[in-house]
Amino acid sequence: MRRIGVVDTTFARVDMGGFAVDELKKTGTGFKVERRTVPGVKDLPVACKKMIEETGCDIVIALGMPGKEDIDKVCAHEASTGLIQVQLLTNRHIVEVFVHEDEAEDERQLAWLAEQRTREHAVNAVRLILYPKELEKDAGTGQRQGFEDAGPARR
Amino acid sequence: MRRIGVVDTTFARVDMGGFAVDELKKTGTGFKVERRTVPGVKDLPVACKKMIEETGCDIVIALGMPGKEDIDKVCAHEASTGLIQVQLLTNRHIVEVFVHEDEAEDERQLAWLAEQRTREHAVNAVRLILYPKELEKDAGTGQRQGFEDAGPARR
Amino acid sequence: MRRIGVVDTTFARVDMGGFAVDELKKTGTGFKVERRTVPGVKDLPVACKKMIEETGCDIVIALGMPGKEDIDKVCAHEASTGLIQVQLLTNRHIVEVFVHEDEAEDERQLAWLAEQRTREHAVNAVRLILYPKELEKDAGTGQRQGFEDAGPARR
Amino acid sequence: MRRIGVVDTTFARVDMGGFAVDELKKTGTGFKVERRTVPGVKDLPVACKKMIEETGCDIVIALGMPGKEDIDKVCAHEASTGLIQVQLLTNRHIVEVFVHEDEAEDERQLAWLAEQRTREHAVNAVRLILYPKELEKDAGTGQRQGFEDAGPARR
Amino acid sequence: MRRIGVVDTTFARVDMGGFAVDELKKTGTGFKVERRTVPGVKDLPVACKKMIEETGCDIVIALGMPGKEDIDKVCAHEASTGLIQVQLLTNRHIVEVFVHEDEAEDERQLAWLAEQRTREHAVNAVRLILYPKELEKDAGTGQRQGFEDAGPARR
């Protein structure tokens, strides 16, 4: 049976891990979900690596909510770089779902955005391991997760 | 028989993968094309690595269209860093074809640029694996992909 | 018996290592603490790697206090990148506790912040190796270390 | 017999590879020169790695001419990071010779600078593998390649 | 017998390598010093790696003097990142001693600063391999190399 890992943080201000688990349950069957929580985004890389190696996950959803300060942007960059390294070390996709606090106008929108982006990327994770041809159908169509799609560039 | 991989994204607003496949068919024979689509540019590194290892590709064309925000620039940088790592891990060239949304003045030019750069780099990919001496003839001549060539510096 | 490593610097202006050791003693039993001090944050990655490999630590707390100049920010970034690499090489968490000098308004607040953040992250380190479910209970609740928690985003 | 690799790009606006080969011929004997050309600087890392592994080069001169836009600076940084990684993977020096388009006031100076810096670094490459003690004699003397030397700091 | 490596550059405007060797001789006995010079800071990582592997050094002092331009800052960052990687690959400390040209007000101060920082870090290198407990005594005391110490933060 396929396994999907979900790793989130206590730093995030929305229970993104909860939404990911919920969406995965809705999206399909045939896979088992593993969950782990770490303090912040910089703890995600090794947590995802251990999740893959210890549970045999086929893919991981890494969830985080970087703050609005410059230092938070740097932390997010370091975390992302680490997540890419883990993918290369394990040959597994890690779907990174980061919502930056300053992407939203207020707390209400932040909560909505974090849920929406998490749910859409949970679907992407399922497609990556089970239905890759569905992604190919959407190639170059300007898909976004959370806010509305950019759509294809009109010629 | 040689194999060329094409990996693109659903985030891009132009079907760059389609243009790459089309150009490769026009450019030559003697190779087979493999295609894969992922959500965004940060998913490209591991997808290219898996493409190389699972299909035995000799080279991969990695296509993406980063957005115009600061965060998009950072994502593109992380993706590029990962793509270079994959090349070093696999000893295969990956021709990165990124078109930044803010390189174009409007959607129409964006669509044109994405197609043009993709097609020119598809030719580069074929040269890298089949006709490396053709690249040497163009050494130092200010070649560009998409917009017009810069040309050699006049003395 | 579990082992927790503590590595700090002579560059820091607060004895963060001392606070970490003290908090670990208060927090629990069943683990042994190893300590090491290096000149600056860029010396932390290899020191943490050697600590893990030579003492068999289950986790390390890496403590540093980057200065306020641009160059200090770059050093901190390089150190953080290295610390993530060490985690991936060793499959061990390293809890990075960096306090930037310009986070505080004056020396007094700096001393308070460094102690407070160190103590809270020492607890996180214990949770990561002994009580991971406690972290999951706090998922998405906007936890911060040092200054007050951001809390969950209200909907 | 020693081998020196020369890798340049079609993106550059000056035939830096040609000048490197010419200078190497003037500088000495006892080594063979291998040449390869790739599209841009981001293709240099894997090309240098393959050059070293496939031809047994003792050292490589990597030549590139990044453009003047912000994105070009980022590409150059990614390429440089990759070139350092290749050196660590192969235990071979790679002498990076990058000339940024905006270092020169006009095309004429650009052409001069690219030739001059390439020639001076070709000599450095020979020294690194054959005459390391000559470099030690110049330690701390403010050597520059292309524009005039900064010279030692007067006390 | 312990070995300490010293690697510096011809780019630097002060003979930092010479000062390092001199200070090491004053500081203690029981170790042998190896020296190597390379063109610039980006050549330091592989030079340090080869020094460690070829001479069996227990630690290396890597000396450089980045210029004042933006591009020099980027080169220094790339070099530092590489030096951290070498440490992780070899399990050896590399004490990085970089003096940025714009840290000093004039050439005279630059020369003084480069000597002073080099000497203080040479002592740190000896402590790291021979007297690690001396570093622990200075933990959190705001040590600086070159300019005066920041000292501990007053509460």
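Up top you'll find the structure we're talking about.
The following refers to the structure shown. (Residues numbered from 1 in each chain as written. Chains lettered and ligands numbered in written order. Predicted model: local features only at pLDDT ≥ 70, side-chain atom pairs only at ≥ 80, totals over all residues. Heavy atoms only, no water.)

Remarks on the packing of aromatic side chains
Then step 1. Using the criterion set out here, one finds five aromatic pairs over all chains in the structure.
Then step 2. Note on A:Trp112 and A:Phe147: the rings are 6.0 Å apart at their centroids and 45° apart in plane angle, and the pair reads as tilted. Taken together, the positions of A:Trp112 in helix H4 (residues 107-130) and A:Phe147 in the segment after helix H5 (132-137) put the pair 35 residues apart, joining distant regions of the chain.
Then step 3. The exposure class assigned to A:Trp112 is partly exposed, which follows from its relative accessible area of 34%.
Then step 4. Stacked on the ring of B:Phe11, the Lys or Arg A:Arg144 has its end atom at 3.4 Å from the ring centre. (Phe/Tyr/Trp six-rings, centres within 6.5 Å; stacked < 30°, edge-to-face > 60°. Helix = DSSP H or I, 4+ residues; strand = E, 2+ residues; numbered from the N terminus. Buried < 20%, exposed > 50% of the residue type's maximum accessible area, 1.4 Å probe, protein only. Lys NZ or Arg CZ within 6 Å of the ring centre and 35° of its normal.)

Some remarks on the pattern of salt bridges
Then step 1. Scanning the model with the defined rule gives 110 salt bridges over all chains in all.
Then step 2. Two residues, C:Glu101 and C:Arg13, come together in a salt bridge whose shortest N-O distance is 2.8 Å. On the criterion of sequence distance, the pair formed by C:Glu101 in the loop between strand E4 (93-98) and helix H4 (107-130) and C:Arg13 in the loop between strand E1 (2-9) and helix H1 (16-27) is long-range, its members being 88 residues apart. Just as C:Glu101 is buried, C:Arg13 falls in that class too.
Then step 3. Where C:Arg119 meets C:Asp22, a salt bridge forms, and the shortest distance between an N and an O atom there is 2.9 Å. Pair noted here: C:Arg119 is in helix H4 and C:Asp22 is in helix H1, with a separation of 97 residues, a long-range link.
Then step 4. Within this structure, A:Asp22, A:Glu23, A:Lys26, A:Glu115, A:Arg119 and C:Arg155 form a network of salt bridges that share partners. (Salt bridge = Lys/Arg side-chain N within 4 Å of Asp/Glu carboxyl O.)

Here's the deal with the relation of the copies chain A and chain B
Think of it as a corkscrew move, a rotation about one axis and a shift along it, taking one chain copy to the other.
Then step 1. With an RMSD of 0.0 Å, the operation that places chain A on chain B is a rotation of 72° combined with a shift of 0.0 Å along the axis. The transformation just described matches what one would write down for a five-fold rotation axis.
Then step 2. Little of the interface of chain A is mirrored in chain B, where only 6% of its interface residues are also at the interface. (Least-squares fit on C-alpha atoms with pLDDT ≥ 70 in both. Contact = heavy atoms within 4.5 Å.)

A closer look at the interface of chain A and chain B
Then step 1. Listed by partner, the interface residues are 33 residues for chain A and 38 residues for chain B.
Then step 2. Buried area between chain A and chain B, both sides added, is near 2,900 Å², and the carbon and sulfur share of it is 54%.
Then step 3. Taken together, chain A and chain B are joined by four salt bridges.
Then step 4. Taken together, chain A and chain B are joined by 19 residue pairs in polar contact (both at pLDDT 80 or more).
Then step 5. Elements represented by at least two residues in the side of chain A that touches chain B include exactly helix H3 (70-90), strand E4 (93-98), H4 and H5 of chain A.
Then step 6. Looking at which element gives the most residues to the side of chain A that touches chain B, the answer is H3(A), with eight residues. (Buried area = accessible area lost by both parts, 1.4 Å probe. Polar contact = N/O pair within 3.5 Å; in protein donor to acceptor, adjacent residues only side chain to side chain.)

Notes on helix H2 (residues 44-55) of chain B
Residues and elements named next belong to chain B.
Then step 1. With 12 residues, H2 ought to run about 16 Å at 1.5 Å a step, and its terminal C-alpha atoms sit 16 Å apart, in line with that.
Then step 2. Within H2, nine of the 12 residues are buried, which leaves the element mostly enclosed by the surrounding structure.
Then step 3. What H2 keeps buried is the set Leu44, Pro45, Val46, Ala47, Cys48, Lys49, Lys50, Met51 and Ile52.
Then step 4. Taken from the residues just after H2, Gly56 is the one with a positive phi, measuring 70°. (Expected span 1.5 Å × (residues − 1).)

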